[in-house]
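In case you want the letters, here they are:
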Amino acid sequence: MTNPHAGKPCIICVAITGSLPTKENNPAVPITISEQVESTHEAFEAGASIAHCHVRDDEGKPTSDPDRFARLKEGLEKHCPGLIVQLSTGGRSGAGQARGGMLPLRPDMASLTTGSNNFPTRVYENPPDLIDWLAAEMAKYDVKPELECFDLSHIIKAQEMQQKGQIKGTPYVQFVMGVKNAMPADRDVFDYYIRTVHRLFGPDAPWCAAGIGPQQIVLNDWAVASGGHARTGLEDNVRLDRDRLAPSNAALVRRVVEICNRYDRPVASWREARDILGLRQPAG
Ligand SMILES: [Zn+2]
């Protein structure tokens, strides 16, 4: 055992669709609800225990429509029992409080970005009053936030929210790196992020990392080697490598499973993932 984190289960999150990728980018991107359920099922069988979900309208454009989210959640719960369903409140699919209109569905988790930053062609706006409102809705409906941290200040903000009681339990932070015009995949910053999470939330606080495009596999490797949890999926990256498109979300999950094997990290089952994150276990 060469890795100090050997033996520690690694949660794999699969971000199946996102707001941006199209069938033209990669025909494997699941767009309709039935495609999403099928793609997630295959990824779940490959080892993913969290599905991070966006929904699209009939034209394939991102939407925050709670009815679509309800149908997706229902399909996933039926076909992938135990899977942790995480719904996105990201800003590309709606504006203002519409971004949280699906929270009364009481998914296990929802994403919550705790600050603003630049995206490739626009500002990713997360004003303080909207962050507070989304956090309050999540608390009200017993939805655990995954804190999408595109910057150091977003991690610090998460601590402030925890101290004020806006976030219950240990915050689950995800470092997002490699978005153009936001924080790149910088190893020194990554290591400092980990130190900051441990300083603010304790040495056992779980954390996760996501890299965009070619940085996906880089962040997968860094996270697994450093004792964190890993996010993959077609939302963040549609390629296996420079020459090949990823044939499915499951193929990207299997790529993380291989990295886990390399570092002697067992892949967390959905039950283990729920324990690590302090989520309810399904009835029965
Ligand atoms: Zn997303």
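Residues numbered from 1 in each chain as written. Predicted model: local features only at pLDDT ≥ 70, side-chain atom pairs only at ≥ 80, totals over all residues. Heavy atoms only, no water.

Draft legend 1. Quick peek at the sheet that holds strand 6 (residues 109-113). Taken in spatial order, the 8 strands close into a barrel running 1-2-5-6-9-10-11-12, and their pairing is parallel. The average undirected angle you get between the axes of adjacent strands in this sheet is 25°. Across 2 bridges, the pairing between strand 11 (residues 207-211) and strand 12 (residues 229-232) is parallel. Across the sheet, Cys208 pairs through a bridge with His229, a residue of strand 12. Most of the contacts of helix 3 (residues 128-140) go to strand 6, to which it runs at about 165°, and overall it touches strand 6 and strand 9 (144-149). (Pairing = 2+ DSSP bridges. Helix = DSSP H or I, 4+ residues; strand = E, 2+ residues; numbered from the N terminus. Axes fitted to C-alpha atoms, helices over the stretch in contact; angles between N-to-C directions. Contact = heavy atoms within 4.5 Å.)

Draft legend 2. Looking closely at the coordination of the zinc ion. Bound to the zinc ion are the protein donor atoms His52 (NE2), His54 (NE2), Glu235 (OE) and Glu235 (OE), situated 2.0 to 2.7 Å from the metal. Coordination at the zinc ion comes from 4 donor atoms whose angles at the metal span 52 to 131°, giving a geometry best classed as irregular. All donors to the zinc ion come from one chain, and their sequence spacing reads H-x1-H-x180-E. Of this pair, His54 sits in the loop between strand 2 (50-53) and strand 3 (55-56) while Glu235 is found in the loop between strand 12 and helix 7 (249-262), placing the two residues 181 residues apart along the sequence. An identical accessibility class is assigned to His54 and Glu235; each is buried. (Donors = N, O, S within 2.8 Å, 3.2 Å for Na, K, Ca; no water. Tetrahedral: all angles 85-135°; square planar, octahedral: opposite > 155°, others 65-115°. Buried < 20%, exposed > 50% of the residue type's maximum accessible area, 1.4 Å probe, protein only.)

Draft legend 3. Spotlight on the nonpolar core. Ranked by internal contacts, the top residues of the largest apolar core, which has 61 residues, are Ile155, Phe175 and Phe190. For Phe175, the residues in contact, after removing those within four places along its chain, are Cys149, Ile155, Phe190, Tyr193, Ile194, Val197, Trp207, Cys208, Ala209 and Ala210. Ile50, Ile84, Tyr172 and Leu279 belong to the second largest nonpolar core, which has 11 residues in total. (Core = buried A, V, L, I, M, F, W, Y, C linked by side-chain atoms within 4.5 Å.)

Draft legend 4. Molecular detail of the pairing of strand 2. Residues of strand 2 alternate between two faces, with Ile50 and His52 on one and Ala51 and Cys53 on the opposite face, all of them buried. Pairing geometry for strand 1 (residues 12-15) and strand 2, over 3 bridges, is parallel. Across the sheet, residue Val14 finds its bridge partner in strand 2, namely Ala51. Between strand 1 and its parallel partner strand 2, the chain crosses via helix 1 (residues 33-46), and the hand of that crossover is right-handed. Sheet topology places strand 2 next to strand 5 (residues 84-87); 4 bridges connect them, and they run parallel. Bridge assignment links Cys53 to a residue of strand 5, and that residue is Leu87. (Right-handed = clockwise from strand over helix to strand, strands pointing away.)

It is worth stressing that arrangement in space is one thing and function is another; only the former is reported here.
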